[in-house]
Amino acid sequence: MAIILDGKIMAAELMEGLKARVDALKEKNVSVGLAVILVGEDPASQVYVRNKGKACEELGILSETIRLPENTTQKELENLIDKLNQDDRMDGILVQLPLPRHLDEAAVLRKIIPEKDVDGFHIENAGKLFTGQTGVTACTPKGIMHMLKKGNVPLSGKEAVVIGRSNIVGKPIAMLLLNENCTVTICHSRTQDLAAHTKNADILVAAVGKAKFVTADMVKPGAAVIDVGINRVDGKVVGDVDYAEVEKIAGYITPVPGGVGKMTIGMLTENTIESAERKAQ
Ligand code: NAD
């Protein structure tokens, strides 16, 4: 039976430490603020935004959610970001994705000044990650690394396989694992013989978005299996991994829910606090 890397417990510990950092800033009269922009009515985005607000409230971070109608123009959205870039109360600016189709997502993300880009999606922060410089790291990959380290999963020299090559999960987690001296393989929808790769993985990260995609026969016994997927099946949230079967042979596993997702919000608040700490200096 695998050791469970429990996101709920790890996130609770993380939040305790973060609360102390917010309090320390407040003692120096430095506030911490996060602005979240939500365009349109996407139901999943509404839930994510609400959860982000709740986490901020718990930590004493000022959080402001700005809701814009579906038909918001590129110019209107970019003007709002310009305003928030100059607003000293706001240490982080987050644009909830996906944006409605008529908006240019890459251009919107480029508008946020890199220091306030708490999602770590700005091209400058992505570039820093790829060139080994300190920048803001994307929240989900940062949360995964936190879980691996807290779980004492050996990384250096190990084979890591990432399934998925998105800019928000697949590519950045591959870079972070490489920075920890893993030998990294990125698999994707055109990979031939996926299982041949995954069976070699000491660390297997699944970021696909398909329920029960990773089955036990694809997993090396003893591997650390990190399930990033969020899929809704019969009203329930499940990951990309066939948890019941994989848990029997893996060395470590993250559950869904209660795994990576819990850490993502924690890392968002950490990135916001780090931005405020830089402001305080
Ligand atoms: P995405 O759709 O951008 O990327 C999915 C990736 O899966 C693609 O790169 C694609 O090449 C790969 N893929 C698709 N079919 C495949 C196949 N048959 N074989 C191998 N690879 C295949 O998704 P994303 O934004 O990276 O998110 C992935 C999943 O993670 C989703 O379920 C998403 O909801 C979830 N997610 C969770 C969190 C969290 O906090 N837990 C954060 C972000 C995303």
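Draft legend 1. Region of interest: the sheet that holds strand 8 (residues 224–227). Taken together, 6 strands build an open sheet; the order of strands is 1-11-8-7-5-6 and the sheet is parallel. Each having just a single partner strand, strand 1 (3–4) and strand 6 (183–187) make up the two edges of the open sheet. For strand 8 and strand 11 (residues 252–253), the ladder comprises 2 bridges, and the chain directions are parallel. Within the sheet, the bridge partner assigned to Val225 lies in strand 11 and is Ile253. Here helix 7 (residues 170–179) sits on the sheet in contact with strand 5 (159–163), strand 6 and strand 7 (203–206), set at roughly 170 degrees to strand 5.

Draft legend 2. Representation of the site of the ligand in the model. Around the ligand, the surrounding shell holds 20 residues, and the nearest of these are Arg165, Ser166, Ser189, Ile230 and Thr264. Within the backbone of His188, one N or O atom sits 3.4 Å away from a nitrogen atom of the ligand. One of the backbone nitrogen or oxygen atoms of Ile230 is found 3.0 Å away from an oxygen atom of the ligand. When the free accessible area of the ligand is taken as 850 Å², the share hidden by the protein chains comes to 73%. Taken together, the residues of the shell around the ligand break down into 9 nonpolar, 9 polar and 2 charged.

Draft legend 3. Quick peek at helix 6 (residues 139–150). With 12 residues, helix 6 should reach 16 Å at 1.5 Å per residue; the first-to-last C-alpha distance of 16 Å fits that figure. Within helix 6, 10 of the 12 residues are buried, which leaves it mostly tucked inside the rest of the structure. Three or more residues of helix 6 are buried, namely Cys139, Thr140, Pro141, Lys142, Gly143, Ile144, Met145, His146, Met147 and Leu148. The secondary structure elements touched by the buried residues of helix 6 are helix 1 (7–27), helix 7, strand 7, strand 8 and helix 10 (260–280).

Draft legend 4. Representation of the pairing of strand 6. As paired elements, strand 5 and strand 6 share 5 bridges and run parallel to each other. The residue bridging Ala160 from the neighbouring strand is Val184, located in strand 6. Traced from strand 5 through helix 7 to strand 6, the parallel crossover comes out right-handed.

Draft legend 5. Looking closely at a nonpolar patch on the surface. Taken together, the side chains of Val47, Tyr48 and Ile230 present a nonpolar region at the surface, about 220 Å² in accessible area. Note that Tyr48 resides in helix 2 (residues 43–59).

Draft legend 6. Just unusual backbone geometry, in detail. Look at the link from Leu97 to Pro98: it is a cis peptide, with omega at 0 degrees. Going from Val256 to Pro257, the amide bond is cis rather than trans, its omega being -5 degrees. Topologically, Pro257 is positioned in the loop between strand 11 and helix 10. Even without being a glycine, Asn29 presents a positive backbone phi close to 60 degrees. Among the secondary structure elements, Asn29 is positioned in the loop between helix 1 and strand 2 (33–39).

Draft legend 7. Structural detail: the nonpolar core. Counting residues in hydrophobic clusters, the biggest one holds 50 residues, and the most contacted among them are Leu148, Leu177, Ile203 and Val205. Counting residues per element, this core draws most heavily on helix 1, which supplies 7 residues. Excluding its chain neighbours within four sequence positions, the residues that come into contact with Leu148 are Val153, Leu155, Leu177, Ile203, Ala224 and Ile226. In terms of nonpolar packing, the next biggest core, distinct from the first, is built from 20 residues, Leu77, Leu84, Met90 and Leu109 among them.

What counts as what
Residues numbered from 1 in each chain as written. Predicted model: local features only at pLDDT ≥ 70, side-chain atom pairs only at ≥ 80, totals over all residues. Heavy atoms only, no water. Pairing = 2+ DSSP bridges. Helix = DSSP H or I, 4+ residues; strand = E, 2+ residues; numbered from the N terminus. Contact = heavy atoms within 4.5 Å. Axes fitted to C-alpha atoms, helices over the stretch in contact; angles between N-to-C directions. Near = heavy atom within 4 Å. Polar contact = N/O pair within 3.5 Å; in protein donor to acceptor, adjacent residues only side chain to side chain. Areas by Shrake-Rupley, 256 points an atom, 1.4 Å probe, with all protein chains shown as cover. Nonpolar A, V, L, I, M, F, W, Y, C, P; charged D, E, K, R; others polar. Expected span 1.5 Å × (residues − 1). Buried < 20%, exposed > 50% of the residue type's maximum accessible area, 1.4 Å probe, protein only. Right-handed = clockwise from strand over helix to strand, strands pointing away. Patch = residues over 30% accessible without salt bridge, like charges linked within 9 Å, V, L, I, M, F, W, Y side chains within 5 Å. Salt bridge = Lys/Arg side-chain N within 4 Å of Asp/Glu carboxyl O. Core = buried A, V, L, I, M, F, W, Y, C linked by side-chain atoms within 4.5 Å.

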